[in-house]
Amino acid sequence: MKRFLVGLLIAASLVGLLWAGAVLLTRPAEPSGAAAAGPGPRGLSLVVGQARASSPSSVDYDRLDARLQALMEDPAMVGLAVAVVENGEIRFARGYGETVAGSGEAVTTETVFRWASLSKGVAADMVALLAHENKLSLFEPVARHAPSLRLPAGNEQRATVSDLLSHRLGLFAHAHDPKLEEGEDARMLRASMATLQPICPPGSCHAYQNVAYDAASEIVEQVSGKTYPEAVRERLFAPLGMYTASATREGLMGARSWARPHPGGRNSQPVEVTDSYYRVPAAGGVNGSIGDLAIWMLAQMGGATDVLPVPVLRAVQNPRANTPGENARRRKYRERTTAAAYGLGWRMFDYAGHRVVGHHGGVRGYRSLVMFDPVRRAGVVALWNSSASRPNGIEYEVMDMVYRLPFRDWLDIDDRSLAAQPEPAAREDNEGGSG
């Protein structure tokens, strides 16, 4: 009998060892090196929700999910990905629709989209990080590290790095964007800005830029000795665990799952991904999944101070210029966001008495948004592969729940009267407008 029991124990131990070995062999490999150090959770389930939360939630995720599914009934929509953070935790992350209309390939939390003008916050954070390390000053002349930029009357010697990142160079809005889209070289275009008529002295007025703003990528390259895509990957994306994020056209199109641009909605064919705004990567060249965008938002809330120290976040989130034009662009939402300002690559709003930080983005066939409260560590991000404007209401529906405000049909799903207040038409190249 004793021999039988010993044999049984040995057999059970062997079964246990075999089972453990099978688990180890089938478990996905963990990333190595710098990428493993980041706080970013991977393999997000479609709906993270309250089950994984360590504190109570203000957001009704069932209602949010139902609202987003209803939004996807709009023929202007093709694919959409949304994530929500509460109390510094990713509580919700889900993809909707398709990467290509009619393909059957579902959008997931790992599907890569273009971030468009959300790229500006990446550039500002990168430059502010270098300044924090005393490798440059935000208040020295922009010409010191960006020799390609020439401004009227030699103002590149007066405009500071801070002026560059807050769109206060004294140029009219979107200077030379059409020429960039026609294929002209970005550095040559920056050099030719000296011939433009200024609208104000540097630092005294705000006018949104893309070509000029990309002097930020030149600053990063001059100071770091690396290409801009390499620098942001090594200093930001990899340490944060943002494994799908990149700053090149190849990074988008080489992804395992990537959303094709559909300016005309699901009844249209996808269009070519042009390289225009990849040639100004600091202004509009970043790609990534909604999972990575959620991680990026968490870092802006102070969730990764080993990568983005608090002084860096304070520098970029400090208002530098009032932007009443942004209030006009968001007039549909004026009940909530009553005042707007611009920091360094980021916008700040008064949201019903609360300070929030965010940005929008748009290039042909792609749109994006981020909005968060850094004090409550709550916010929302969204990416979609069409030119539809209705998803802009997502940030308002989520933040209303965060602040427990009365429900408003910001997505225009139930109350069609909001359709009488359409948003102004926006340029397809990175946000548009003069706000």
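Let me sum up the structure you'll find in this document.

What counts, and where the lines are drawn
Here the residue index of a chain counts from 1 through its sequence in written order. With the structure being a predicted model, the display of local features is reserved for residues of pLDDT at least 70 and the display and counting of side-chain atom pairs for 80 or more, all residues being used for whole-chain, interface and lining totals. Each side-chain value is worked out from all heavy atoms of the structure, with water and hydrogens disregarded. Strands here are runs of E lasting at least two residues and helices are runs of H or I lasting at least four, both read from the DSSP assignment and numbered beginning at the N terminus. Exposure classes here rest on a 1.4 Å probe applied to the protein chains alone. A residue is buried below 20% of its type maximum, exposed above 50%, and partly exposed in between. Residue contacts are defined here by distance: any two heavy atoms, one from each residue, within 4.5 Å place the two residues in contact. In this description, accessible areas are obtained by the Shrake-Rupley approach with a 1.4 Å probe, and a residue is regarded as covered only by the protein chains that are shown. Strand pairing requires that DSSP identify at least two bridges connecting the strands. Polar contact criterion, stated in full: a pair of N or O atoms within 3.5 Å, where within protein one must be able to donate a hydrogen and the other to accept it, and residues adjacent in sequence count only if both atoms are side-chain atoms. Comment: axis = line fitted to C-alpha atoms, over the contacting stretch for helices; angle = value between 0 and 180 degrees taken between N-to-C directions. By nonpolar core we mean a set of buried residues, namely Ala, Val, Leu, Ile, Met, Phe, Trp, Tyr and Cys, connected to one another through side-chain atoms within 4.5 Å. An angle below 35 degrees is read as roughly parallel, one above 145 as roughly antiparallel, one from 65 to 115 as roughly perpendicular, and any other as oblique. For a crossing to be left-handed, the near helix must be turned anticlockwise from the far one by less than a right angle; the clockwise case is right-handed. Each residue receives one of three labels: charged for Asp, Glu, Lys and Arg, nonpolar for Ala, Val, Leu, Ile, Met, Phe, Trp, Tyr, Cys and Pro, and polar for the others, Gly being one of them. To count as a disulfide, a pair of cysteine sulfur atoms needs to be within 2.5 Å. For Phe, Tyr and Trp, where Trp contributes only its six-membered ring, two rings pair if their centres lie within 6.5 Å, and the inter-plane angle classes them as stacked under 30 degrees, edge-to-face over 60, or tilted in between.

### Remarks on the overall build of the protein
- Looking only at helices and strands, the protein has 14 helices and ten strands in total.
- Going through the 435 residues of the protein one by one, you find that 55% of them count as buried.
- Considering only residue pairs separated by 6 or more positions, the protein has 70% of its internal contacts joining residues 24 or more positions apart.
- Summed over all atoms, the accessible surface of the protein reaches about 17,600 Å², with 54% contributed by carbon and sulfur.

### Comments concerning the pairing of strand 8 (residues 354-363)
- Taking burial as the measure, the ten residues of strand 8 include eight buried ones, the bulk of the element.
- As paired strands, strand 7 (residues 347-351) and strand 8 are joined by five bridges and run antiparallel to one another. The residue of strand 8 that forms the bridge with Met-348 is Val-357.
- Hairpin connection between strand 7 and strand 8: a loop of two residues separates the two successive antiparallel strands, and Ala-352 in this loop has a positive phi of roughly 50°.
- Examined bridge by bridge, strand 8 and strand 9 (residues 366-373) share seven bridges and lie antiparallel to one another. Bridging from a neighbouring strand, Val-357 pairs with Phe-372 of strand 9.
- If you look at the hairpin formed by strand 8 and strand 9, you'll find two residues sitting between the two strands, and Gly-365 has a positive phi there, around 85°.

### Some remarks on the side chain of Gln-300
- Topologically, Gln-300 is positioned in helix 11 (residues 290-300).
- Among the polar contacts listed, one links the side chain of Gln-300 to the side chain of Asp-125, at a separation of 3.0 Å.
- Excluding residues that lie within four positions of it along the chain, Gln-300 makes contacts with Asp-125, Leu-308, Leu-313, Gln-317, Trp-346 and Phe-372.

### Side note on the sheet that holds strand 6 (residues 337-342)
- Across the sheet, which stays open at both edges, the eight strands sit in the order 2-1-10-9-8-7-6-5 with antiparallel pairing between neighbours. Each edge of the open sheet is held by one strand with a lone partner, namely strand 2 (89-97) and strand 5 (321-322).
- Inspection of the sheet shows strand 6 paired to strand 7 by five bridges, in the antiparallel sense. Residue pairing in the sheet places Tyr-342 in a bridge with Arg-347 of strand 7.
- Sheet strands touched by helix 11: strand 1 (79-86), strand 2, strand 9 and strand 10 (378-384). Its angle to strand 10, the strand with the most contacts, is close to 150°.
- Against the sheet, helix 14 (residues 393-402) touches strand 1, strand 6, strand 7, strand 8, strand 9 and strand 10, its axis set at about 160° to strand 10.

### Looking at the nonpolar core
- The biggest cluster of nonpolar side chains holds 91 residues, and the ones touching the most others in it are Trp-115, Val-122, Leu-165, Leu-236 and Trp-296.
- Counting residues per element, this core draws most heavily on helix 3 (residues 119-132), at nine residues.
- Not counting chain neighbours up to four residues away, the residues in contact with Trp-115 comprise Val-122, Met-242, Val-286, Asn-287, Gly-288, Ser-289, Asp-292, Leu-293, Trp-296, Gly-361, Ser-368 and Leu-383.
- Ala-340, Ala-378, Ala-388 and Met-399 belong to the second-largest nonpolar core, a separate cluster that totals 33 residues.

### Examining the packing of helix 2 (residues 61-71) against helix 14
- In the contact formed by helix 2 and helix 14, the axes pass within 12 Å of each other and the chain directions differ by 165°. It follows that helix 2 is roughly antiparallel to helix 14 by the angle criterion. Pair helix 2 / helix 14 crosses with right-handed handedness. Of helix 14, the residues touching helix 2 (which contributes Arg-63, Leu-64, Arg-67, Leu-68 and Leu-71) are Ile-394, Glu-397, Val-398 and Met-401.
- Grouping the amino acids of the contact of helix 2 with helix 14 by side-chain chemistry returns six nonpolar, no polar and three charged.

### Quick word on the pairing of strand 2
- With eight bridges connecting them, strand 1 and strand 2 associate as antiparallel partners. Across the sheet, the residue bridging to Val-82 is Arg-94, located in strand 2.
- The hairpin turn running from strand 1 into strand 2, its antiparallel successor, is two residues long, and Asn-87 in that turn takes a positive phi close to 50°.

### What about the state of the cysteines?
- As enumerated under the stated definition, the model contains one disulfide in all.
- Across the disulfide, Cys-200 is cross-linked to Cys-205 (sulfur-sulfur distance 1.9 Å). Disulfide Cys-200-Cys-205: the torsion about the S-S bond is -80°, which places it as left-handed.
- Cys-205 sits in the partly exposed class, given a relative accessible area of 22%.

### Here we look at the packing of aromatic side chains
- Under the definition given, this model contains seven aromatic pairs.
- Seen in terms of ring centroids, Trp-346 and Phe-372 are 5.9 Å apart; in terms of plane orientation they differ by 80°. Their pairing is edge-to-face. Of this pair, Trp-346 sits in the loop between strand 6 and strand 7 while Phe-372 sits in strand 9, and the two are 26 residues apart along the sequence.
- Classification of Trp-346 as buried rests on a relative accessible area of 2%.
- Considering the side-chain rings of Tyr-396 and Trp-410, the 5.8 Å spacing of their centres and the 50° angle between planes classify their relative orientation as tilted. Taken together, the positions of Tyr-396 in helix 14 and Trp-410 in the segment after helix 14 put the pair 14 residues apart, joining distant regions of the chain.
- The rings of Tyr-333, Tyr-351, Tyr-396, Tyr-403 and Trp-410 are connected pair by pair, giving a single aromatic cluster.

### A few points about the packing of helix 3 against helix 12 (residues 310-317)
- Look at helix 3 against helix 12: their axes get within 9 Å of each other, and the N-to-C directions meet at 130°. Relative to helix 12, the element helix 3 is oriented oblique. Here helix 3 runs over helix 12; the crossing is right-handed. Contacts between helix 3 and helix 12 involve Ala-124, Asp-125, Ala-128, Leu-129 and His-132 on the former and, on the latter, Pro-311, Val-312 and Val-316.
- For the contact of helix 3 with helix 12, the class distribution of residues is six nonpolar, one polar and one charged.

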